[in-house]
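Here is how the chains run, residue by residue.
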Amino acid sequence: MDATGAAPRSRAHPRLPHQPDAKTQDGVALEIQPLKSQEGVENEEKEKKKVKVPKKEKSVLQGKLTRLAVQIGKAGLIMSAITVIILVLYFVIDTFGVQKRPWLAECTPIYIQYFVKFFIIGVTVLVVAVPEGLPLAVTISLAYSVKKMMKDNNLVRHLDACETMGNATAICSDKTGTLTMNRMTVVQAYVGDTHYRQIPDPEAILPKILDLIVHGVAINSAYTSKILPPEKEGGLPRQVGNKTECALLGFVLDLKQDYQAVRNEVPEEKLYKVYTFNSVRKSMSTVLKNSAGGFRMYSKGASEIILRKCTKILDKNGDPRVFKVKDRDEMVKKVIEPMACHGLRTICLAFRDFPGDAEPDWDSENEILSDLTCIAVVGIEDPVRPEVPDAIQKCQRAGITVRMVTGDNINTARAIATKCGILLPGEDFLCLEGKEFNRLIRNEKGEVEQEQLDKIWPKLRVLARSSPTDKHTLVKGIIDSTVGDQRQVVAVTGDGTNDGPALKKADVGFAMGIAGTDVAKEASDIILTDDNFTSIVKAVMWGRNVYDSISKFLQFQLTVNVVAVIVAFTGACITQDSPLKAVQMLWVNLIMDTFASLALATEPPSESLLLRKPYGRNKPLISRTMMKNILGHAVYQLTIIFTLLFAGEKFFDIDSGRNAPLHSPPTEHYTIVFNTFVMMQLFNEINARKIHGERNVFESIYRNPIFCTVVLGTFAAQIIIVEFGGKPFSCSGLTLSQWFWCIFIGVGELLWGQLICTVPTSHLKFLKEAGHGITKEEIPEEELPEDVDEIDHAEMELRRGQILWFRGLNRIQTQIKVVNAFRSSLYEGLEKPESRSSIHNFMTHPEFILEEDEPRTPFLDSAEDDPETDGLLKRGGGSLGGPPALNRNNNAVDSDRAELSVPEPESPFHSLETSV
């Protein structure tokens, strides 16, 4: 075996045409297929399909922040390096060139102290420039939002859902329980050829029909559904279980009948066969075995579905009469449609008797669920939540389109959508049933065509009689659509197990906390603990607030960054010393990073957030208005600082602090510069509360006690540092008048902010936006992870740097491997050392044999360093020092070698290499 433990190749093994060869390029294992191989063609098609599958994007905000932080960090590194170089060169040229002092051995410690001082200044500039507070601000903002959202009935399961919700452009909502109260009651009924607009009097219904209604409802319902007495006296009875079944049980109670007595008489064990309700069947049936022989089946379900299977109906005498197609159409027009137009859900009750001579084939469901006799049709009302119309109006004002996706009748859905405000008069909209929707978007093969879907979804507002598959198709179609400038960000609500795929596919999935199944909750990003649509609107507010909070923090921090770096750089270059000392800079860094992130990232949301359109996923973090504020305030602060630095001693009539010797005591001059700088940051922090050009920066400041505490606490800490900090903080105590001047200049920041607001941003054409995120299209295909359904932008930004490092490292290793392989094969079999000097001698040597048993230079995680691989080699009977085993199988050699050239799956580099 060779150095890697692989068996050597034999000299002239022919390669079989179907044998794939593993080739390593730039440290990445690539599978090369022969040109005309069927397997290769199939794999190629699979790869194409893989690329086409759109991946869900997450952490877009954190991706933008990571990218911005890296860019700022690079700029800070360059500035700090230039600062150190200029300081060192200036000192060396001035000391040894201009003053022509010799380098004396006894002066070396002093020179070293100067160089250390310059290095510390450079490091300080770097520390101040690098925005290490950005991740902290994001974490604080998200964590604070998540905690507060819990009070607004939003249980956030994935943090990035919080930020994504701020960019939502579409909400696909269920009807029952989300838009409505999910407290269903029967308000109309059609019994015995009579349409009752209110609950009928029990005496008006024949006893035999009444008996069928009671048995049909009591037995053909889940026994877990029941009506319990109210918790408080005078309250409404409690509905436990399925709400539709509870409405029917309530109807039985309104008819002065007792459903529990029937259930006691027919316990669940006596039920012969049950066809449970599902989204396809849209009905439920229960079979009972009669004591006299034969079977009776009770059915209930969507009226248009059950009526289609009815061939008889009970007349006013309680006798079954023939129910033809004409009769059914008339009933639909006169009974069902008027009920549905009032927003009522229509449920049909029916039964069928089977003779006892031969037992039916219960598995042939279509035959069993036919030839039914209609007992009654009831209209169930589920009132719209009173707060929903206002919440939907807010969504529409905020640029979010609300769509209703429900399993109800289209007339019922349209009526409820109109009451909610989803359908507005005079608006061009579509209301479709699931079947019609599928017919319009699918081709002859039954495949969804995106082009057809793109024609429908922009106008679609209501999708009725829809299945969970229809919901998933709609959500996927909207997300994948290229209609419009921005990609749609879709939020979806769901409560059933079958809603899982749609909840997963959506950018943000909302599961119902009360009515939702465990599967739906697991698939969701946020759980609505009150099942209320208004909670979704609050989630939008919090999502937008997170984005704005980060932008506020960025506006403040970048102002401090720009000013601190320029002051330190310019001051160091002109005066040979930074006006702001290292400890002072670190205190400023603490103010602008930790305290500012705590203060600005905890701003509570306001209703004004819903008065603008969504930012969109590609909007930069720093808008042109913010850039105007950053540069405007930087100009004010730099003017003040440089004026104080070069003329402050005359204004305050104090000694100058410039050109002070090494280890000199703190001066009042530089203390005033430091104190003024901090005061300006404190008042600019108040300015940073507004990022859209608003004038009232004090609006609702009392609503954020954390902000007030941070500002007042920082001010108190600054007084202690200046008055009692002494030499550690390079501060000298100031007089009261000096303090007032510092505070007065700081307050000037607020006045300057008002002046900046008067300058229209549109006139400042030179201003550019910053903080663009990397879009999905910009990510190279080879960097897209294949085994995950989501693109984490934050992780992508971090991994890009790591991948470049490892790619370079592996490239070097590959080149070393090639060189070593060439050298070993060159020297192999040559007896005379002197013949090695000539390549021609080597090529004409009689003993030259082209073999590929050269030692291989392993990768970082190769078999030599990997105990697992070593153990595998030993178990396989091979040893590094042993003779090579004869290879009986020509094909095995290549695969063995190819296997060992690829890094182990456990290797930390394996995932990086395969994703490059």
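This text goes with the structure placed above it.
First, a word on scope: everything that follows refers to the structure included in this document. (Residues numbered from 1 in each chain as written. Predicted model: local features only at pLDDT ≥ 70, side-chain atom pairs only at ≥ 80, totals over all residues. Heavy atoms only, no water.)

**As for the pairing of strand S20 (residues 490-494)**
Next, step 1: For S20, a buried count of five out of five residues is recorded, marking the element as mostly surrounded by other parts of the structure.
Next, step 2: Side-chain alternation along S20 places Val490, Val492 and Gly494 on one buried face and Ala491 and Thr493 on a second face that is also buried.
Next, step 3: Looking at chain direction, strand S5 (residues 170-173) and S20 are connected through three bridges and run parallel. Each residue of the ladder has a partner; that of Ile171, found in S20, is Ala491.
Next, step 4: Inspection of the sheet shows S20 paired to strand S21 (residues 508-512) by four bridges, in the parallel sense. Note on S21: the bridge partner recorded for Thr493 is Phe510.
Next, step 5: Tracing the backbone out of S20, into helix H17 (residues 500-505) and back to the parallel element S21 gives a crossover that is right-handed. (Buried < 20%, exposed > 50% of the residue type's maximum accessible area, 1.4 Å probe, protein only. Helix = DSSP H or I, 4+ residues; strand = E, 2+ residues; numbered from the N terminus. Pairing = 2+ DSSP bridges. Right-handed = clockwise from strand over helix to strand, strands pointing away.)

**Regarding helix H12 (residues 388-397)**
Next, step 1: The complete set of buried residues in H12 reads Val388, Ala391, Ile392, Lys394 and Cys395. One side of H12 carries all its buried residues, which in axial view fall inside an arc of 155°.
Next, step 2: Of the surrounding secondary structure, the elements contacted by the buried residues of H12 are S5, strand S17 (401-405), helix H13 (410-420) and helix H19 (533-575). (Arc of directions from axis to C-beta. Contact = heavy atoms within 4.5 Å.)

**Some thoughts on the packing of aromatic side chains**
Next, step 1: Enumeration according to the criterion identifies 21 aromatic pairs in this entry.
Next, step 2: Measuring from centroid to centroid gives 6.3 Å for Tyr144 and Trp542, while their planes differ by 70°, and the two rings are edge-to-face. Here Trp542 lies in helix H19 and Tyr144 lies in helix H4 (residues 133-151), a separation of 398 residues in the sequence.
Next, step 3: Of the residues examined, Tyr144 reaches a relative accessible area of 17% and is grouped as buried.
Next, step 4: Residue class for Trp542 comes out buried when judged on its relative accessible area of 6%. (Phe/Tyr/Trp six-rings, centres within 6.5 Å; stacked < 30°, edge-to-face > 60°.)

**Re the pattern of salt bridges**
Next, step 1: Scanning all chains against the criterion turns up 24 salt bridges.
Next, step 2: The residue Asp428 makes a salt bridge to Lys459 at a minimum N-O spacing of 2.9 Å. One end of the pair, Asp428, is in the loop between H13 and strand S18 (430-433); the other, Lys459, is in the loop between helix H15 (450-456) and strand S19 (460-464), and 31 residues separate them in sequence.
Next, step 3: Taking relative accessible area as the criterion, Asp428 reaches 51% and is therefore assigned exposed. (Salt bridge = Lys/Arg side-chain N within 4 Å of Asp/Glu carboxyl O.)

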